[in-house]
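Each chain, letter by letter, is given below.
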Amino acid sequence: MCGRTASTLAPNELSRAARYRDRTGQPHSPRWKDGDTDKYRPSYNKSPQSFSPVLLSNRHFNKDAPVDECVLAAMRWGLVPAWFRENDPSKMQYNTSNCRSESLLEKKSYKDPLLKGQRCVILADGFYEWRRTEKEKQPFFIYFPQIQGGQVPSQQNAQKTKSDQNLDQGESDQDDSDWTGWRLLTIAGLFDSWTPPCGGETLYTYTVITVDSSPNLQSIHDRMPAVLDGEDEVRRWLDFGEVKSLEAMKLLQPKSSLTFHPVSSLVNNSRNNSPECLQPVDPTVKKTVQPTASSKMMMSWLKTASPTKRKNPDEDTSDKAPEEKSAAEKQTKPAGPLQQWLLGSGSRKKPRT
């Protein structure tokens, strides 16, 4: 299962980190759906009912848009079916934050959006999972392997042709600078839109699809999110015009390409939202230690950030007067490598222009 994630990038950084390719191989940086940047708030510790960044086809919002054109949207975690008849979605009596890949075609809540092509990709730095022991549960942070100064290429991306590489060098429609920051985890999901029977604003919600755990994660938990590894898998999952539902379901397989490290039990409480949630620990001594091999690249890369003034994920300064904002910013100091990254611009390297 998957019940907690981290999503720490700002909206503009997410747009760069979520670059995708259309059917012709052309790279694009997705724009945000109108008004959705105000709904999304970065967090070290996201739980169901919060709003998360989701990548999906723009055809779902604009019938004239190409199916392979993607946008970013902020959707609430926990699918509310379009047919739900109560006026309050919190009155749902069953949990829809996760759905098993094996039962997608058996349950109406998931079968309807699947057959309608309502497929999406949930974006996150990584997700948390707990290993049960005799006395307690030990949390782990699980994510794509990283390298300092850039992303680790997936197997598909590593096999690009020369023409693909030339295409990477500057033919994007919005931003021709390569993203050298954190490689986001791309998770297969389904979404639905629900409007209260009494009228009101349409609510977009999603569910995370899960599969059996890969061999390297089975010691932590027997289930894992259905991870899409590489641009080609992401494109095929989102392109409901070219890839039909039954074919797309073949992408839902355990992936052994993830790495992980143990973290503090601080993350157990979803109200805790600080860099310590992600920091590697030694569970045998219950104290912070130097990053292990699995997390060395993550912490090393984060340390390259140069601090600048930026909104803290925990703090909302939108209602403060200008002089109050200035004072608050002066008092904010990085508390660790990850927070330095979040307060910084992401990389000391200037974007290519």
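Remember, it's a predicted structure, so these values are computed and weren't measured experimentally.

Hey, could you run me through the confidence of the model for the chain in this one?
As a note on interpretation, predicted positions should not be read in detail where pLDDT is low. Per-residue confidence for the chain gives a mean pLDDT of 80; residues scoring 70 or more make up 72%. Long-range and interchain partners of residues 155–176, a stretch whose pLDDT sits below 50, account for 40 contacts in this model, where long-range means more than four residues apart. Per-residue pLDDT stays below 50 along residues 305–312; that stretch engages in 26 contacts with residues further than four places along the chain or on separate chains.

How do you make sense of a nonpolar patch on the surface when you look at a structure like this?
Residues L105, L115 and L246 make up a contiguous nonpolar surface patch of roughly 290 Å² in combined accessible area. Within the secondary structure layout, L115 lies in helix α2 (residues 108–115). Residue classification places L115 among the exposed positions, given a relative accessible area of 52%.

Quick question: what am I supposed to make of the sheet that holds strand β11 (residues 137–143) here?
In a beta sheet, neighbouring strands pair by backbone hydrogen bonds and run either parallel or antiparallel. Strand order across the open sheet formed by 5 strands is β5-β1-β10-β11-β17, with antiparallel pairing between neighbours. Looking along the sheet, the strands with just one partner apiece sit at the ends: β5 (43–46) and β17 (259–262). Here the average twist between neighbouring strands, direction ignored, is 30 degrees. Relative to β5, strand β1 (residues 5–7) runs antiparallel, the two sharing 2 bridges. Paired with S7 across the two strands is S43, which belongs to β5.

It is not clear to me how the packing of aromatic side chains should be interpreted in this structure. Could you clarify?
Within the structure shown, the criterion is met by 8 aromatic pairs. A centroid spacing of 5.6 Å and a plane angle of 45 degrees characterise the contact between Y143 and W182, whose relative ring orientation is tilted. In this pair, Y143 is assigned in strand β11 and W182 in the loop between α4 (162–168) and β14 (185–194), connecting sequence segments 39 residues apart. Each of the two residues, Y143 as well as W182, counts as buried. Site record: aromatic cluster; members linked through ring pairs are Y128, F141, Y143 and W182. The residue whose ring lies beneath K33 is F61, and the NZ or CZ to ring-centre distance is 5.2 Å. A cation over an aromatic ring shows up here: R119 above the ring of W237, its NZ or CZ 5.3 Å from the ring centre.

How should α2 be read in this particular structure?
Side chains of residues three or four places apart in an α-helix project in the same direction, reflecting 3.6 residues per turn. Within the sequence span of α2, burial applies to S109, Y110, P113 and L114. All buried residues of α2 lie within an arc of 115 degrees about the axis, which places them on one face of the element. Buried-residue contacts for α2 involve β8 (98–100), β14, β15 (203–212) and α6 (245–248). Immediately beyond the C-terminal end of α2, within one or two residues, lies G117, with a positive phi of roughly 80 degrees.

So, how was this worked out
Residues numbered from 1 in each chain as written. Predicted model: local features only at pLDDT ≥ 70, side-chain atom pairs only at ≥ 80, totals over all residues. Heavy atoms only, no water. pLDDT = per-residue confidence, 0-100. Contact = heavy atoms within 4.5 Å. Patch = residues over 30% accessible without salt bridge, like charges linked within 9 Å, V, L, I, M, F, W, Y side chains within 5 Å. Areas by Shrake-Rupley, 256 points an atom, 1.4 Å probe, with all protein chains shown as cover. Salt bridge = Lys/Arg side-chain N within 4 Å of Asp/Glu carboxyl O. Helix = DSSP H or I, 4+ residues; strand = E, 2+ residues; numbered from the N terminus. Buried < 20%, exposed > 50% of the residue type's maximum accessible area, 1.4 Å probe, protein only. Pairing = 2+ DSSP bridges. Axes fitted to C-alpha atoms, helices over the stretch in contact; angles between N-to-C directions. Phe/Tyr/Trp six-rings, centres within 6.5 Å; stacked < 30°, edge-to-face > 60°. Lys NZ or Arg CZ within 6 Å of the ring centre and 35° of its normal. Arc of directions from axis to C-beta.

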